[in-house]
Amino acid sequence: MAINSLANSLAASGDVFAADEDPELIREATPFALKTIESLLAEKPEHRVLLLAACRGFAQYAYAFVETEAERLEEVDFEASERQYQRALNLYIRARDYGMQSLELDHPGVTAALIDESATALSDFGVNDVPLLFWTGAAWGGVINLGQAQPDLVADFPAVRALLNRALELDESYDLGAIHAVLIWLEAVPEAMGGSAERARYHFDRAVELSSGLNAGPYVTLAESVSVADQNWQEFRDLLESALAIDPDRSPSIRLANIIAQERAQWLLDRTENLFFDYPSDD
């Protein structure tokens with residue numbers, strides 16, 4: 001009883017973290033919370049709420065803090081950057097595995113089915129499964145994004161698409177359009193992998209609409225994935241400036257995510273001339 005009570009309280013702490021305004025505070029607090037969740041899972045390995053919290057927490061921490069640090073280290077310390085990228089990859093894998101562990105509880109064999117028959121593997125999942133489908137797909141997407149040099153990881157791309165598309169079918173408005181926001185990245189991959197810039201822009205429009213324009217993330221994602229690929233620096237800057245113009249306090253449930261996205265937007269703006277061949281020089 002005590003373990004269940006603590007587990008439910010700890011899992012709910014993610015919402016408190018998401019509303020915070022201090023990324024560094026959350027960066028320092030998150031590892032302890034995640035290890036506590038893992039300690040409780042050692043006692044209650046089939047606790048669905050904890051499994052979702054672990055999947056979500058490790059994926060968010062990997063993206064917001066570890067992968068971001070790796071990117072910023074690239075230009076000053078390549079070896080340190082590579083270590084951080086590997087750490088982020090390992091965290092994404094851990095997040096994905098917790099998600100799949102939960103999916104397997106009521107649907108034994110779904111992991112193998114996602115690999116072999118991704119189009120039909122999730123037909124039995126319902127609207128209550130949307131958070132788990134979404135976070136497992138997002139975590140698995142992080143694995144593929146950082147594991148592009150490993151063919152065995154990239155081969156799982158259809159499974160990621162299946163998880164996110166099923167979540168979208170069931171509830172496209174989940175978490176202020178978060179599924180559409182992730183699908184911007186998914187559709188921004190090369191056409192050879194099934195991507196489409198047109199579909200990426202559609203998901204951007206829906207993500208903005210469903211969040212009433214209060215989520216900075218979609219603007220940043222479209223800018224760095226599609227605008228850079230199209231070498232459209234004007235659109236790139238317009239999108240990032242739109243992200244920076246959002247007031248994080250207007251949507252408390254995603255306050256922290258907006259602050260982190262705006263920090264990334266400013267970092268990308270500062271690097272504009274390094275990302276576009278035809279960007280006008282000040283000289």
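Rules and cut-offs
- Residues numbered from 1 in each chain as written.
- Predicted model: local features only at pLDDT ≥ 70, side-chain atom pairs only at ≥ 80, totals over all residues.
- Heavy atoms only, no water.
- Helix = DSSP H or I, 4+ residues; strand = E, 2+ residues; numbered from the N terminus.
- Expected span 1.5 Å × (residues − 1).
- Bend = angle between axes of the 7 residues up to and from the residue.
- Buried < 20%, exposed > 50% of the residue type's maximum accessible area, 1.4 Å probe, protein only.
- Contact = heavy atoms within 4.5 Å.
- Axes fitted to C-alpha atoms, helices over the stretch in contact; angles between N-to-C directions.
- Parallel < 35°, antiparallel > 145°, perpendicular 65-115°, else oblique.
- Left-handed = near helix turned anticlockwise from the far one by under 90°.
- Nonpolar A, V, L, I, M, F, W, Y, C, P; charged D, E, K, R; others polar.
- Phe/Tyr/Trp six-rings, centres within 6.5 Å; stacked < 30°, edge-to-face > 60°.
- Lys NZ or Arg CZ within 6 Å of the ring centre and 35° of its normal.
- Salt bridge = Lys/Arg side-chain N within 4 Å of Asp/Glu carboxyl O.
- Polar contact = N/O pair within 3.5 Å; in protein donor to acceptor, adjacent residues only side chain to side chain.
- pLDDT = per-residue confidence, 0-100.

Q: Describe helix α3 (residues 48–73), listing the residues and the values that go with them.
A: For α3, spanning 26 residues, the distance from its first C-alpha to its last is 36 Å, which sits close to the expected 38 Å at 1.5 Å a residue. At Ala62, α3 is bent by approximately 40°, the largest bend along its length.

Q: Quick rundown of the environment of Asp156? Include the residues and the values.
A: As for its position among the elements, Asp156 is in the loop between α7 (151–154) and α8 (157–170). Classification of Asp156 by relative accessible area gives buried; the value is 12%. In the structure, Asp156 is positioned 15 residues away from Gly141 in sequence and 9.0 Å away in space, judged by C-alpha atoms. When neighbours within four sequence positions are excluded, Asp156 is seen to be in contact with Arg96, Ile115, Trp140 and Ile144.

Q: Got a sec to walk through the packing of helix α4 (residues 78–106) against helix α6 (residues 130–146)? Specific residues and values, please.
A: Two quantities define a packed helix pair, namely the angle between the helix axes and the distance between the axes. Two elements in contact, α4 and α6, have axes separated by 8 Å at closest approach and are oriented at 150°. The orientation of α4 with respect to α6, classified from their angle, is roughly antiparallel. Both α4 and α6 take part in a crossing whose hand is left-handed. Mapping the contact onto sequence places Tyr85, Ala88, Leu89, Tyr92, Ile93, Ala95, Arg96, Gly99, Met100, Ser102 and Leu103 in α4 and Leu132, Leu133, Thr136, Ala139, Trp140, Gly142, Val143 and Leu146 in α6. Along the lines of polarity and charge, the residues of the contact of α4 with α6 split into 14 nonpolar, four polar and one charged.

Q: Go over the packing of aromatic side chains with me, naming the residues and quoting the values.
A: The full count for this structure, using the stated rule, is eight aromatic pairs. Consider the rings of Phe58 and Tyr98, whose centres lie 6.1 Å apart with planes at 20°: the pair is stacked. One end of the pair, Phe58, is in helix α3; the other, Tyr98, is in helix α4, with 40 residues separating them in the sequence. As far as the burial class goes, Phe58 and Tyr98 line up, both buried. If you follow Arg271 out to its NZ or CZ, it ends over the ring of Trp267, 4.7 Å from the centre.

Q: Describe the pattern of salt bridges, and please don't skip the residues or the numbers.
A: Any two side chains of opposite charge can pair, given that their charged atoms come close. Under the defined criterion, the tally for this structure stands at 17 salt bridges. For Asp249, the salt bridge identified is with Arg255, shortest N-O distance 3.0 Å. Residue class for Asp249 comes out partly exposed when judged on its relative accessible area of 46%. Its relative accessible area of 15% is what places Arg255 among the buried residues. When salt bridges that share partners are traced, they join Lys35, Glu38 and Arg94 into one network.

Q: Give a description of the environment of Ser102 that names residues and reports values.
A: Within the secondary structure, Ser102 is located in helix α4. Through-space distance from the C-alpha of Ser102 to that of Thr30 is 21 Å; in sequence the pair is 72 residues apart.

Q: Quick rundown of the side chain of Thr30? Include the residues and the values.
A: Here Thr30 lies in helix α2 (residues 23–43). The exposure class assigned to Thr30 is buried, which follows from its relative accessible area of 7%. Among the polar contacts made by the side chain of Thr30, one reaches the main-chain carbonyl oxygen of Ile26 at a distance of 2.6 Å. Not counting residues within four places of it along the chain, the set of residues in contact with Thr30 comprises Phe17 and Tyr61.

Q: Give me the confidence of the model for the protein chain: which residues, what numbers.
A: When pLDDT is averaged across the protein chain, the result is 91; 94% of the residues are at 70 or more. Within the protein chain, helix α1 (residues 2–18) has the poorest average pLDDT of any element, 61, and helix α12 (residues 233–244) the best, 97.

Q: I'd like a description of the environment of Leu168, backed by residues and values.
A: Here Leu168 shows up in helix α8. Measuring from C-alpha to C-alpha, the distance between Leu168 and Ala197 comes to 18 Å, with 29 residues separating the pair along the chain. Other than its neighbours up to four places away in sequence, Leu168 contacts Ile179, His180, Leu183 and His203.

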